[in-house]
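Topology and contacts: notes
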Amino acid sequence: AQSVTQLGSHVSVSEGALVLLRCNYSSSVPPYLFWYVQYPNQGLQLLLKYTTGATLVKGINGFEAEFKKSETSFHLTKPSAHMSDAAEYFCAVSPQGAQKLVFGQGTRLTINP
Amino acid sequence: DGGITQSPKYLFRKEGQNVTLSCEQNLNHDAMYWYRQDPGQGLRLIYYSQIVNDFQKGDIAEGYSVSREKKESFPLTVTSAQKNPTAFYLCASSIFQGLSDTQYFGPGTRLTVL
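Below is a summary of the structure that appears in this document.

1. Description of the sheet that holds strand S1 (residues 4-7) of chain B
All names here are of chain B.
- Ordered in space as S1-S3-S8-S7, the 4 strands form an open sheet in which the pairing is antiparallel. Each of the sheet's edge strands pairs with one partner strand only, and the pair in question is S1 and strand S7 (64-66). Between one strand axis and the next, the sheet turns through 20 degrees on average, direction left out of account.
- The pairing of S1 with strand S3 (residues 19-25) spans 4 bridges and is antiparallel. Bridging across to S3, isoleucine 4 finds its partner in glutamine 25.

The following block contains the structure:
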């Protein structure tokens, strides 16, 4: 069965610093990969997704993620953090051909002024 | 505006009562999903439906029931058999194309059992 591991349930960075949120998945076949963001008491919003092709994926709000098959990873980065980036971030995988998403446990990002 | 609506936003229930959460979408999506979110556990799939009048159990279906009588509606009933129903419930929908479909989420319903 597919599983997703997000390293660090809570990450804190200073405003203007690099944001790095880690995601690893378990699968023998590369799945489709997603990053979602959730603001307090709201639903999830898609940041970006990887299906096939270019392994560096650019998303909204200046975020990007790189698919590394050899490392089974899909880490999320942003060069310069903004206060508005404070939220919870979820990595998710969808096995090819399946209609279900498997989510990681989430990483809460805090931005320090 | 196209989107997914969930109602109510907050719901309180006494133990032993069934309660139904509403989910409506006007995106013309074929597939709809219900997730449960608990702190530190991410989202877990309860039920999903790929077509009207058909639905499948997810990973934690016990104590829940659904119906899909219309394409735009996918209500979730939390029954008294659900032992720990207090949680944040999220509904989602997607175009069912069998590929890397993006799921779009509603704003959620927070259920509290008193």
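Still more ground to cover, so stick around.
2. Let's talk about the sheet that holds strand S1 (residues 3-7) of chain A
All names here are of chain A.
- On the basis of which strands lie adjacent, the open sheet formed by 5 strands has the order S1-S3-S8-S7-S6 and antiparallel pairing. Only two strands of the sheet have a single neighbouring strand rather than two, namely S1 and strand S6 (56-58). Put simply, the sheet's adjacent strands are angled 20 degrees from each other on average, direction ignored.

3. Points about the side chain of glutamine 25 of chain B
All names here are of chain B.
- Examined against the element boundaries, glutamine 25 turns out to sit in strand S3.
- From its side chain, glutamine 25 meets the backbone oxygen of histidine 29 in a polar contact 2.8 Å long.
- If we ignore the near neighbours within four places in the chain, the residues touching glutamine 25 are Gly3, Ile4, Met32, Arg68, Lys71, Glu72 and Ser93.

4. Observations concerning the pattern of salt bridges
Residues and elements named next belong to chain A.
- Here the structure, examined in full by the defined rule, presents 6 salt bridges over all chains.
- Between arginine 108 and glutamate 88 there is a salt bridge, and its shortest N-O distance comes to 3.0 Å. With arginine 108 in strand S11 (residues 107-112) and glutamate 88 in strand S9 (residues 87-94), this pair connects stretches of sequence that are 20 residues apart.
- Under the relative-accessibility criterion, arginine 108 is labelled partly exposed at 40%.

5. Observations regarding the side chain of serine 73 of chain A
Residue and element names in this part refer to chain A.
- Mapped onto the fold, serine 73 is located in strand S8 (residues 73-78).
- On the basis of relative accessible area, serine 73 is assigned to the buried category, the value being 1%.
- What serine 73 contacts, discounting residues up to four positions off in sequence, is Cys23, Asn24, Tyr25, Glu66, Phe67 and Lys68.

6. What about the environment of methionine 83 of chain A?
All names here are of chain A.
- By the secondary structure assignment, methionine 83 is in the loop between S8 and S9.
- For the pair methionine 83 and serine 70, spaced 13 residues apart in the sequence, the C-alpha separation amounts to 33 Å.
- With residues near it in sequence (within four places) discarded, methionine 83 still touches Glu15, Ile111, Asn112 and Pro113.

7. A few points about the state of the cysteines
- Scanning all chains against the criterion turns up 2 disulfides over all chains.
- At a sulfur-sulfur separation of 1.9 Å, the disulfide partner of cysteine 23 of chain A is cysteine 91 of chain A. Between cysteine 23 of chain A and cysteine 91 of chain A the disulfide shows an S-S torsion of about -65 degrees. By sign, it is left-handed. In this pair, cysteine 23 of chain A is assigned in strand S3 (residues 19-26) and cysteine 91 of chain A in strand S9, connecting sequence segments 68 residues apart.
- Accessibility expressed as a relative area gives 0% for cysteine 23 of chain A, which makes it buried.
- A residue is classified by how much of its surface remains accessible, and cysteine 91 of chain A, at 0% relative accessible area, is buried.
- Between the sulfur atoms of cysteine 23 of chain B and its disulfide mate cysteine 91 of chain B the distance is 1.9 Å.

8. Notes on the interface of chain A and chain B
- Tallying the contact residues gives 20 residues for chain A and 26 residues for chain B.
- Taken together, both faces of the contact between chain A and chain B bury some 1800 Å²; the carbon and sulfur share is 51%.
- Viewed at the interface, chain B and chain A are joined by 0 salt bridges.
- Inspection of the chain A/chain B interface yields 5 residue pairs in polar contact (both at pLDDT 80 or more).

Quick notes on the rules
Residues numbered from 1 in each chain as written. Chains lettered and ligands numbered in written order. Predicted model: local features only at pLDDT ≥ 70, side-chain atom pairs only at ≥ 80, totals over all residues. Heavy atoms only, no water. Pairing = 2+ DSSP bridges. Helix = DSSP H or I, 4+ residues; strand = E, 2+ residues; numbered from the N terminus. Axes fitted to C-alpha atoms, helices over the stretch in contact; angles between N-to-C directions. Polar contact = N/O pair within 3.5 Å; in protein donor to acceptor, adjacent residues only side chain to side chain. Contact = heavy atoms within 4.5 Å. Salt bridge = Lys/Arg side-chain N within 4 Å of Asp/Glu carboxyl O. Buried < 20%, exposed > 50% of the residue type's maximum accessible area, 1.4 Å probe, protein only. Disulfide = S-S within 2.5 Å. Buried area = accessible area lost by both parts, 1.4 Å probe.

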